[in-house]
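# A look at the structure
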Amino acid sequence: MPNLRALLSSFSLPARMSAIALLIGALVVIPGLYAEYSLITVREENERAGYATAALRQYLAMGTTSEEVVAQVRSGKVRDAASRQAVLDTLEAQIAQIDQATAAEMAVIAKGRFSADRAAQMQREEDGQKAGTDRLRAMKAQALTGRFDDAWWRQLRLGIASEESEVRGAQQRAVAALQRTQHAFFAISMVLVIGSIAIALWAGANIVTPLQRLLSSTRRISREDYGIDLPDEGPREFRALNRSFNAMAAQVGRSQARLVQVNRRLEDEVRARTAELMAANQSLRELDDRRRGFIATAGHELRTPVAVLRADAEVALREPAPTVPMLQASLERITRTAGTLGRLIEDMLRLARADAPVLSYERKAVDLADIVGETFDEFRPVIEADGGSITASPSVEPLPVRVDPLRIQQVVRIVLDNAVTHGGDELCICATLWREDGFACVRIADCGEGIAPERLAGLLDRSQWPRRRTEDGHGLGLTIAATIMEAHDGSIAIASRACVGAEVTLRLPCADPAAPQDDPRLSTSREARRGAVFGVGPEASAVLAREGQK
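What you see is a predicted model; the values in this text were computed from it and never measured.

### A look at the overall build of the protein chain
Scanning the protein chain from terminus to terminus reveals 14 helices and 7 strands. Evaluated residue by residue, the protein chain yields a buried proportion of 39% over its 550 residues. The contacts of the protein chain with a sequence gap of at least 6 include a subset with a gap of at least 24, amounting to 76%. As presented, the protein chain carries roughly 30,400 Å² of accessible surface, and 59% of it is formed by carbon and sulfur atoms.

### Concerning the nonpolar core
One finds Leu368, Phe376, Ile408, Leu416, Ile429, Ile444 and Leu506 to be the most contacted residues of the largest nonpolar core, which totals 42 residues. Going through the elements one at a time, helix H8 (368-385), strand E3 (400-403), helix H9 (405-422), strand E4 (428-436), strand E5 (439-446), helix H12 (476-487), strand E6 (491-497) and strand E7 (501-509) are the ones with two or more residues in this core. Ignoring any residue separated from it by four or fewer positions in sequence, one finds Ile429 in contact with Ile383, Ser389, Ile390, Thr391, Leu416, Ala419, Val420, Ile444, Ala445 and Asp446.

### Some words on the pattern of salt bridges
Throughout the structure, instances matching the rule amount to 19 salt bridges. Across the pair Arg137 and Asp134 runs a salt bridge whose closest N-O atoms are separated by 3.3 Å. Here Arg137 pairs with Asp134, and both are found in helix H4 (residues 116-139), just 3 residues apart, close to one helical turn. The class of Arg137 is partly exposed, set by a relative accessible area of 25%. When the shortest N-O distance is used, the salt bridge between Arg380 and Glu384 registers 3.8 Å. Of the two residues, Arg380 and Glu384 are both situated in helix H8; the distance of 4 residues between them amounts to about one turn of the helix. Relative accessible area serves as the criterion here: at 23%, Arg380 is assigned to the partly exposed category. The network of salt bridges with common partners includes Glu92, Asp99, Lys130, Asp134, Arg137 and Lys140.

### A word on H9
With 18 residues, H9 extends 26 Å from end C-alpha to end C-alpha; this agrees with the ideal 26 Å at 1.5 Å per step. Among the 18 residues of H9, 16 are classified as buried, and the element is accordingly described as predominantly covered. Where H9 begins, the side chain of Asp404 points an oxygen toward the backbone nitrogen of Leu406, at a separation of 3.1 Å. One or two residues past the end of H9 sits Gly424, with phi positive at roughly 85 degrees.

### Description of H8
Since the α-helix advances by 3.6 residues per turn, residues separated by three or four positions end up pointing in the same direction. Relative to the 26 Å expected for 18 residues at 1.5 Å per residue, H8 spans 26 Å between its end C-alpha atoms, a close match to the ideal helical length. Of all bends in H8, the biggest is about 40 degrees, found at Phe379, and the proline Pro381 comes one to four residues later. Buried within H8 are the following residues: Leu368, Ile371, Val372, Thr375, Phe376, Glu378, Phe379, Pro381 and Ile383. The N-terminus of H8 is capped by Asp367, whose side-chain oxygen sits 2.8 Å from the backbone nitrogen of Ala369. The first or second residue beyond H8 is Gly387, which carries a positive phi of 90 degrees.

### Describing the environment of Ala61
By secondary structure assignment, the location of Ala61 is in helix H2 (residues 13-75). Spatially, the C-alpha atoms of Ala61 and Gln94 are 7.8 Å apart, while their sequence positions differ by 33 residues.

### Looking at the sheet that holds E5
On the basis of which strands lie adjacent, the open sheet formed by 5 strands has the order E2-E4-E5-E7-E6 and mixed pairing. The sheet is open, and its two borders are formed by strand E2 (389-393) and E6, each paired with just one other strand. Taken over all neighbouring pairs, the strand axes of this sheet differ in orientation by 15 degrees on average, direction set aside. Pairing analysis gives 7 bridges linking E5 to E7, with the strands arranged antiparallel. Among the inter-strand pairings, Ala440 is bridged to a residue of E7, identified as Leu508. Across the face of the sheet, H8 comes into contact with E2, E4, E5 and E7 while running at roughly 165 degrees to E2.

Quick notes on the rules
Along each chain, residue indices are assigned from 1 in the same order as the chain's sequence is written. Local features are withheld for residues below a pLDDT of 70 in this predicted model, meaning they are given only at 70 or higher, and side-chain atom pairs are given and counted only at 80 or more; totals for whole chains, interfaces and linings count all residues. Note: side-chain values were computed over all heavy atoms of the structure, leaving out hydrogens and water. For helices the rule is a DSSP run of H or I covering at least 4 residues; for strands it is a run of E covering at least 2, with both sets numbered from the N terminus onward. The cut-offs for exposure are 20% and 50% of the maximum accessible area for each residue type, with area from a 1.4 Å probe on protein chains only; residues under the lower value are buried, those over the upper are exposed, and the others partly exposed. Contacts between residues were defined by any pair of non-hydrogen atoms, one from each residue, lying within 4.5 Å. In these tables, accessible area is a Shrake-Rupley quantity obtained with a 1.4 Å probe, and a residue counts as shielded only by the protein chains included in the view. Here, the term nonpolar core denotes a set of buried Ala, Val, Leu, Ile, Met, Phe, Trp, Tyr and Cys residues that are joined through side-chain atoms within 4.5 Å. Here, a salt bridge means any Lys or Arg side-chain nitrogen found within 4 Å of an Asp or Glu carboxyl oxygen. To estimate how far a helix should reach, multiply one less than its number of residues by 1.5 Å. Polar contacts, as counted here, are pairs of nitrogen or oxygen atoms within 3.5 Å of one another; within protein the pair requires one atom able to donate a hydrogen and one able to accept it, and residues that are adjacent in sequence qualify only if both atoms are side-chain atoms. Throughout, bend refers to the angle between the axes fitted to the seven residues that end at a position and the seven residues that start at it. Pairing between strands is defined by DSSP: at least two bridges between them are needed. Lines are fitted to the C-alpha atoms to define the axes, a helix being fitted only along its stretch in contact, and any angle between axes, read from their N-to-C directions, falls within 0 to 180 degrees.

Right, dumping it as structure tokens:
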């Protein structure tokens, strides 16, 4: 027994499974072939029994016909040649049908799978049937005499008995073949059941159990338990797999120990490098904030001049019959705005090249009313073309100021741009200029939706702009305006009530005519500090997208 077990263990798992499959196949095929032979026997016996039954019916019909013919002849109904021939034809037709059934039985015997002795016996029976029909055919003329002799009736009884015997024997043999078929199917079922149980037991011992051990070992490795020693037993493939798994577990255990040591050294290095990266990241963040702030400021300052250029052109193009003076006025406004845009682009290029970008201010002695008037003239065609109105009430006295006209115009544009954006469908903007306590003042009011009171306090606070800029559109523009006004020692104030409108008041110190002229290109440290481009944080791209859509 141990030698047999060792011999079986020497075979590979596929070889064992193939041998089992062949054995079960043979145990199933043999009864199947036997069942197929039995079913063929049933079919042939049933076919022969069918032909024998047909011949039996003709023998019985011939007996009835014989009695009827005798009665007709004796009653005198069969006298002429036609009726006599009809009687003979009727008997001949019945004898011919018996011969046809006999010939069909002989054909079944010839092509069937009967044994030689059985085929010879059945052939003798059919030859006897053929000889009997020949005798009946020879005696059929007795019907015209009005009586059949005993040989006729004896031959009929002999034929009937012979066909009954054939039918009975064929049925018995068919039933026996069906029983053999049932036994064969039962044997196949038992083989399949027993084979399935045997395969399940064999698979459980030779496949499932080794796999379960492997699964348990992998779970131990996942828990970092590497002390695994799988047994060297079972099929040859599983023994080799167990040996490889044991070697792998030992190797993984050693590698894990080395990895723990390496991880400890890496953690120490990562902590040191993290501190260095945090310091470098802080410097990069500050630099990125300055870059984002510069880009956001540049986008906002360039948006309004471009919008004015486009609006002047669209207003001129919408006029069905433009006059030369009207076109000249539009071109003059476009020229002024283009000059302003060029100055802004130069400033942006200068700021982009600087390490610490600052805005410069070219101060000039101008009248604040002229600056406001020129800026209103830029917006008037656009506003009036849309059905709105824009007016300015002049001051009763001059408003001399020493400022950078471009920057102050930029402040007025920002205020007007917000008024147009939030002024409602029926836009109405008015400006009032006056002088008060040495300051030149201008108040710009609209009749739009206004600003909620809780938002007024933080509109000009630069530190709140990243949070405020996506709420109502009052964001970077007002912050730039406040920065420019502060650089000119002026101020900007906003008053509003929701759904009533907003008022923006600008205050600039009046210039002393006797004061010496400053160098127009000189930027004081205060201006440089006040005009420094401020950082706007990591969300500047969202602001630029919104500002570009306004």
